[in-house]
Amino acid sequence: MTKSFSLRLGDEDEAVIARGHFARLDLPEAIPMPDGGLATTVLMGLADGELRAYANVCRHKAIPLDARGGTRLGVMTEDGTRLLCDSHGATYRPSDGRCLFGPCEGTTLHSFEVERSGDRLA
């Protein structure tokens with residue numbers, strides 16, 4: 001993806017990410033995905049000590065991973081170790097977005113490069 005945009009994390013987003021989960025952030029405008037879907041939100045979190053951002057679009061069908069409202073941990077599995085599509089049950093590895101289980105196994109979530117400005121989330 002070559003689109004560039006700036007997102008500002010609020011205190012609540014920072015708290016979600018600090019707990020090891022991914023926060024759902026609204027994009028300033030919809031971004032077309034290569035598979036025909038539109039990303040209107042991004043999932044951002046820390047994985048392996050690095051800030052990661054993925055389009056909130058399932059690779060099985062182009063709908064948000066949390067289309068049904070998500071889990072009590074947002075877009076994370078109940079044990080907090082994977083990203084979860086609550087419509088299809090697909091699970092994704094937070095460190096690289098690779099689908100490890102489900103109808104899109106072997107594919108990878110569309111990622112965004114992340115540039116930090118400031119010292120928050122350190």
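Everything that follows concerns the structure shown earlier in this document.
What counts and how
- Residues numbered from 1 in each chain as written.
- Predicted model: local features only at pLDDT ≥ 70, side-chain atom pairs only at ≥ 80, totals over all residues.
- Heavy atoms only, no water.
- Pairing = 2+ DSSP bridges.
- Helix = DSSP H or I, 4+ residues; strand = E, 2+ residues; numbered from the N terminus.
- Contact = heavy atoms within 4.5 Å.
- Axes fitted to C-alpha atoms, helices over the stretch in contact; angles between N-to-C directions.
- Core = buried A, V, L, I, M, F, W, Y, C linked by side-chain atoms within 4.5 Å.
- Buried < 20%, exposed > 50% of the residue type's maximum accessible area, 1.4 Å probe, protein only.
- Salt bridge = Lys/Arg side-chain N within 4 Å of Asp/Glu carboxyl O.
- Polar contact = N/O pair within 3.5 Å; in protein donor to acceptor, adjacent residues only side chain to side chain.
- Phe/Tyr/Trp six-rings, centres within 6.5 Å; stacked < 30°, edge-to-face > 60°.

A.B. asks: How would you summarise the sheet that holds strand β7 (residues 111-112) if you had to cite specific residues and measurements?
C.D. replies: In a beta sheet, neighbouring strands are held together by backbone hydrogen bonds and run either parallel or antiparallel to one another. If you walk across this open sheet you meet the 4 strands as β1-β2-β3-β7, and the pairing is antiparallel. One side of each edge strand has no neighbouring strand; the edge strands of this open sheet are β1 (23-32) and β7. Two strands pair when backbone bridges link them, and strand β3 (residues 50-55) and β7 are joined in this way by 2 bridges, in the antiparallel orientation. Residue pairing in the sheet places Tyr54 in a bridge with Ser111 of β7. Docked against the sheet, helix α1 (residues 11-18) engages β1, β2 (38-47) and β3, running at close to 110° with respect to β1.

A.B. asks: Can you tell me about the nonpolar core, naming the residues and giving the values?
C.D. replies: Proteins that are soluble and globular tend to have nonpolar side chains buried together. Grouped together as the largest cluster of nonpolar side chains are 16 residues, with contacts concentrated most on Ile17, Met33, Ala39, Val42, Met44, Ala55 and Phe112. The set of elements that each furnish at least two residues to this core consists of α1, β1, β2 and β3. Broken down by element, this core gets its largest block of residues, 4 residues, from β1. When neighbours within four sequence positions are excluded, Val42 is seen to be in contact with Leu7, Ala23, Arg24, Leu25, Leu27, Ala53, Tyr54, Ala55, Asn56 and Phe112. Ranked by size, the runner-up nonpolar core spans 15 residues in total, among them Cys85, Tyr92, Cys99 and Leu109.

A.B. asks: A description of the pattern of salt bridges should follow, citing residues and the corresponding values.
C.D. replies: Under the definition given, this model contains 3 salt bridges. Arg72 is the partner of Glu78 in a salt bridge, and the nearest nitrogen-oxygen pair spans 2.9 Å. What makes Arg72 exposed here is its relative accessible area of 66%.

A.B. asks: I'd like to hear about the side chain of Asp66, residue by residue, with values.
C.D. replies: Here Asp66 lies in the loop between β3 and β4 (83-84). Those residues in contact with Asp66 that sit more than four places away from it in its chain are Arg24, Asn56, Val75 and Asp86.

A.B. asks: Could you give an account of the pairing of β1, naming the residues involved and the relevant values?
C.D. replies: Relative to β2, β1 is paired through 6 bridges, and the arrangement is antiparallel. Counterpart to Arg24 in the pairing with β2 is Leu43. Here β1 hands over to β2 after 5 residues, with Gly36 in that stretch at a positive phi of 100°.

A.B. asks: Give a detailed account of the environment of Thr81, specifying residues and quantitative values.
C.D. replies: Secondary-structure assignment places Thr81 in the loop between β3 and β4. Taking the C-alpha atoms as reference, Thr81 lies 27 Å from Ile31; in sequence the two are 50 residues apart. Ignoring any residue separated from it by four or fewer positions in sequence, one finds Thr81 in contact with Met76 and Pro94. Of the polar contacts made by the side chain of Thr81, one reaches the side chain of Asp79; its length is 2.8 Å.

A.B. asks: Give me the lowdown on the sheet that holds strand β5 (residues 91-92), citing residues and values where you can.
C.D. replies: Spatial strand order, β4-β5-β6: 3 strands in an open sheet with antiparallel pairing. Edge strands, defined here as strands with exactly one partner in the open sheet, are β4 and β6 (99-101).

A.B. asks: So, the packing of aromatic side chains: which residues are in play, and what are the values?
C.D. replies: The final tally for this structure, using the stated rule, is 1 aromatic pair. Aromatic side chains Phe22 and Tyr54 sit 6.2 Å apart centroid to centroid with 25° between the ring planes, which places their arrangement in the stacked category. Taken together, the positions of Phe22 in the loop between α1 and β1 and Tyr54 in strand β3 put the pair 32 residues apart, joining distant regions of the chain.

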